[in-house]
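Working through the structure, step by step
What follows is the residue order along each chain.
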Amino acid sequence: MHDTEEALFRAVHGIAGRLAGQPVPVVMDALLRGLPKAPGLEVTEIRRIAEEISVGRDPSGL
């Protein structure tokens, strides 16, 4: 796994652990502030991740 990908997965995992079940805008804000910059990571993908976390799932796979 590349360093950038691993950093993204770990950041998503941490946010999912803290904010599972919270409203999408709250999770989205945390993701936008907490995710490392990565090429190709679009806002639509971040929104999908936020929706997963909002319903209690951890999309990181960790």
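Before reading on, note that the structure itself is shown above.
Our subject in this report is the structure included herewith. This one's a predicted model, so the numbers in the text were calculated from it and none came from an experiment.

With that settled, consider helix H3 (residues 43–54). Taking 1.5 Å per residue as the helical rise, H3 with its 12 residues ought to reach 16 Å, and the 16 Å between its terminal C-alpha atoms agrees with that figure. Looking only at H3, the buried set comprises Ile 46, Ile 49, Ala 50, Ile 53 and Ser 54. Along the long axis of H3, the arc covered by the buried residues comes to 140 degrees, so they all point the same way. In the core, the buried residues of H3 are packed alongside helix H1 (3–19) and helix H2 (24–34). Of the residues one or two after H3, Gly 56 is the one with positive phi, at around 95 degrees.

Looking at where Ala 16 falls in the secondary structure, it is placed in helix H1. Overall, Ala 16 belongs to the buried group, its relative accessible area being 6%. Separated by 38 residues in the primary sequence, Ala 16 and Ser 54 place their C-alpha atoms 8.3 Å from one another. The contact partners of Ala 16, leaving out residues within four places of it in the chain, are Ile 53, Arg 57 and Asp 58.

Here is what the cut-offs are and how they apply
Residues numbered from 1 in each chain as written. Predicted model: local features only at pLDDT ≥ 70, side-chain atom pairs only at ≥ 80, totals over all residues. Heavy atoms only, no water. Helix = DSSP H or I, 4+ residues; strand = E, 2+ residues; numbered from the N terminus. Expected span 1.5 Å × (residues − 1). Buried < 20%, exposed > 50% of the residue type's maximum accessible area, 1.4 Å probe, protein only. Arc of directions from axis to C-beta. Contact = heavy atoms within 4.5 Å.

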